[in-house]
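# An overview of the molecular structure
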Amino acid sequence: MDAFVINGGKRLRGTVRVHGAKNAALPQLAAALLTDQPVKLSDVPDLEDIRNMTKLLDELGCEVEHDPAASSVTVHSTDDSKCKARYDIVRKMRASVCVLGPLLARRGKAQVSMPGGCNIGDRPVDLHMRGLRALGAKVHLDSGYIVAELPESGRLTGARVFLGGPFGSTVLGTINVMSAAALAKGRTIIESAACEPEVEDMANLLSAMGANVTGAGTPRVIIEGVDQLHGAKHKVIPDRIEAGTYVAAAAITNGQITIENFPTDALTAVLDRFEYTGVEIEPVKPASGAGPSPTRKRGTRKKNNQGTLDDDRMRQTVRVASTRRLEPTQIFTQPHPGFPTDLQAQIMALLCLADGNSMITEKIFPDRFLHVAELLRMGANLVRNGPTVLVSGVRELIGAQVMASDLRASAGLILAGLAARGTTTVSRIYHVDRGYEKMELSLQKLGADVERVNQPEKQ
Ligand code: EPU
């Protein structure tokens, strides 16, 4: 199994480009099941999760052309008879559940393995099922599979669907219902829809395919169903979590870096917290009319056809610098536009070295803290109480052998390793490969001393 060996203490300098967003691209690939014409996505990152999704679509009767060098994937759904997403694939990648809505709406039936829990928590799919039932689908569980079928009428029917749950809305649930509703008869109104940028980007793809979707990016999404959708070309939005991870990498090493393809408009809460701690983030080439700071609000915003994200501020170039010890702060992870749970481990690594006490409360996945025990091994001062971790800043972290437990936890440990004194070995790096394209190459380009090695698993 691969591991990263990091010799910490190098200040990062140079330029890095943010890849397309994994969490936007995955459901968009699944959306190709909604039409019999090819859907071509560009700026698709070359990741293990993307390869898993293309494998699943291949099994579901699609012709898939993946060109990693051009960062493009074309999916052409040609065999409508296949409706089953096997446990072996869903187990590896929960995002496979987003084939549920498209399969049901276009092929009339879906049989998708129930994704189990994972290292970040229980992760139920009750809201996905509730949403599809509201559109008239017959949904039941059979031998570990979600089985969804069209009603007697042979078509889903638009309805008012409430998708709020105990921890807010659901991102992939909103996407599943939105894509199924695109082919339903009549109007669907999703109340308490997830507002994440990935939902809005999905709506943009659906619109390009001929769907009629408005309000995506807000808690109320309205879909007027159409009889059929057609092929489309779409460029995936930049990955806000990768972007935030590189800001943290510059900050934790007191570095100065330039980040291209930076989705400022999707990172408002994150930039607010970074700036509060003392990290400087300035656009290099401000978009026309943009103020000096990417977090500063502007009077007028250019809206894309869905409405909330500002196209100009989704692909900026920014300079990030951190020259002094950071201020401590409080973080509450929340649904968008709040601070994202997917950057919680990374900001925790950073706050381990802040000048005082910080508090981090996880409000999306209350058990997403497997990185805490590993950071303790590196000399961090952390006390967990339920969904909250008190982070007392220390003068330095010390290199150690640590184990990655999930995608974002791995990123947090790598950041800690970049700042630590001595050598840090982060094992089970396959977790990071699920969501960051060749992260070691990006970090090496920035001057980090990080190497990928093959490490035999010890008994
Ligand atoms: N939830 C329910 N019922 C449901 C669905 C979700 O109670 O039917 C709860 C979850 O347990 C959680 C909250 O609602 O407490 C939010 O979960 P959500 O459904 O929004 O998560 P998801 O759509 O399965 C996506 C991302 C995750 C990211 C979350 C939250 C993808 C492929 N995954 O998951 O990304 O953490 O939204 O923003 O888009 C990652 O990239 O590392 C990752 C885990």
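Everything numeric here is computed off the predicted structure, so don't read it as measured data. (Residues numbered from 1 in each chain as written. Predicted model: local features only at pLDDT ≥ 70, side-chain atom pairs only at ≥ 80, totals over all residues. Heavy atoms only, no water.)

### Re the overall build of the protein chain
Inclusion rule: Numbered from the N terminus, helices here are DSSP runs of H or I no shorter than four residues, and strands are runs of E no shorter than two. The globule rule used for comparison is 2.2 Å times the number of residues to the exponent 0.38, while the radius of gyration itself is calculated over C-alpha atoms. Accessibility here uses a 1.4 Å probe with only protein chains present; expressed as a share of the type maximum, an area under 20% marks a residue as buried, one over 50% as exposed, and anything in between as partly exposed. A contact between two residues is defined here by any heavy atoms of the two lying within 4.5 Å. Shrake-Rupley sampling with a 1.4 Å probe provides the accessible areas, and residues are treated as covered by the protein chains on show and by no other component. In this count, Lys and Arg are taken as positive residues and Asp and Glu as negative ones, while His and the chain termini are left out. The atoms used to mark charge sites are NZ of Lys, CZ of Arg, CG of Asp and CD of Glu.
When helices and strands are tallied, the protein chain shows 14 helices and 24 strands. Relative to the compact-globule value of 23 Å for 459 residues, the protein chain shows a C-alpha radius of gyration of 22 Å, a close match. Viewed in the frame of its principal axes, the protein chain has a C-alpha envelope of about 65 × 60 × 45 Å. In the protein chain, which comprises 459 residues, the proportion classed as buried is 59%. Looking at the protein chain alone, contacts between residues at least 24 apart form 74% of all its contacts between residues at least 6 apart. Accessible area of the protein chain: about 17600 Å², with a carbon and sulfur share of 48%. Measuring between centres, the 55 positive side-chain charges of the protein chain sit 2 Å from its 51 negative side-chain charges.

### Some points on the layout of surface pockets
Put simply, the rule is: Site definitions follow a grid-based scheme: protein atoms alone, a 1 Å grid, a 1.4 Å probe that fits but cannot get out for cavities, and for pockets an open set with protein on both sides within 12 Å along at least five of seven lines, plus lining residues having an atom within 4 Å of a point. Grid points are joined across faces, edges and corners, and a volume is the space filled by probe spheres set on the points. Three classes are used: nonpolar for Ala, Val, Leu, Ile, Met, Phe, Trp, Tyr, Cys and Pro, charged for Asp, Glu, Lys and Arg, and polar for all others, with Gly counted as polar.
Counted as a void, the second largest pocket has a volume near 310 Å³. As for the second largest pocket, its lining consists of 17 residues, and the residues nearest its centre are Ile252, Thr253, Asn254, Leu353 and Ala419. Classifying every residue of the lining of the second largest pocket gives seven nonpolar, four polar and six charged.

### Regarding the site of the ligand
So the rule is basically this: We call a residue near a given molecule or strand whenever any one of its heavy atoms falls within 4 Å of it.
Around the ligand sit 22 residues, and of these Asp126, Leu127, Thr170, Asp342 and Ile364 come closest. Of all the elements, helix 5 (residues 126–134) adds the most residues to the shell around the ligand, at three residues. In terms of residue class, the shell around the ligand is built from eleven nonpolar, five polar and six charged.

### Section: empty space enclosed by the protein
Put simply, the test is: The split into domains, and so the bounds of each, comes from an automatic or database assignment of domains.
Throughout the structure, instances matching the rule amount to one cavity of 30 Å³ or more. As a volume, the largest cavity reaches approximately 50 Å³. Forming the walls of the largest cavity are Ala21, Lys22, Asn23, Glu198, Asp239, Arg240, Ile241, Asp342 and Arg408. Contributions of two or more residues to the lining of the largest cavity are made by helix 1 (22–31) and helix 8 (240–252). Residues from two domains meet in the lining of the largest cavity; each of domain 1 (2–19 + 238–454) and domain 2 (22–235) gives at least three.

### Re unusual backbone geometry
Here His336 and Pro337 are connected by a cis peptide whose omega angle stands at 10°. Assignment of secondary structure puts Pro337 in the loop between strand 18 (330–332) and helix 10 (344–351).

### A closer look at the packing of aromatic side chains
Here is the rule: Ring geometry is summarised as follows: Phe, Tyr and Trp rings, the Trp one being its six-membered ring, pair when their centres sit within 6.5 Å, and such pairs are stacked at plane angles under 30 degrees, edge-to-face over 60 and tilted between the two. The criterion for a charge sitting over a ring is simple: Lys NZ or Arg CZ within 6 Å of the ring centre, and within 35 degrees of the ring normal.
Considering all chains together, one arrives at zero aromatic pairs under this definition. Directly above the aromatic system of Tyr145 lies the positively charged group of Lys84, at a separation of 4.9 Å from the ring centroid.

### Considering the domain arrangement of the protein chain
Filter applied, for reference: For any pair of parts, buried area is found by adding up, for both, the accessible area (1.4 Å probe) each one loses once the two are put together. One side-chain nitrogen of Lys or Arg within 4 Å of one carboxyl oxygen of Asp or Glu is enough to make a salt bridge.
Per the domain assignment, the segments of the protein chain are domain 1 (2–19 + 238–454) and domain 2 (22–235). Just the C-alpha atoms count here: the centres of domain 1 and domain 2 sit 29 Å apart. Across the boundary between the two partners, domain 1 contributes 34 residues, which contact 29 residues of domain 2. Buried area between domain 1 and domain 2, summed over both chains or domains, comes out near 2500 Å², and the portion from carbon and sulfur atoms is 47%. Put simply, Arg17 and Asp43 hold a salt bridge, and the shortest N to O gap is 3.0 Å.

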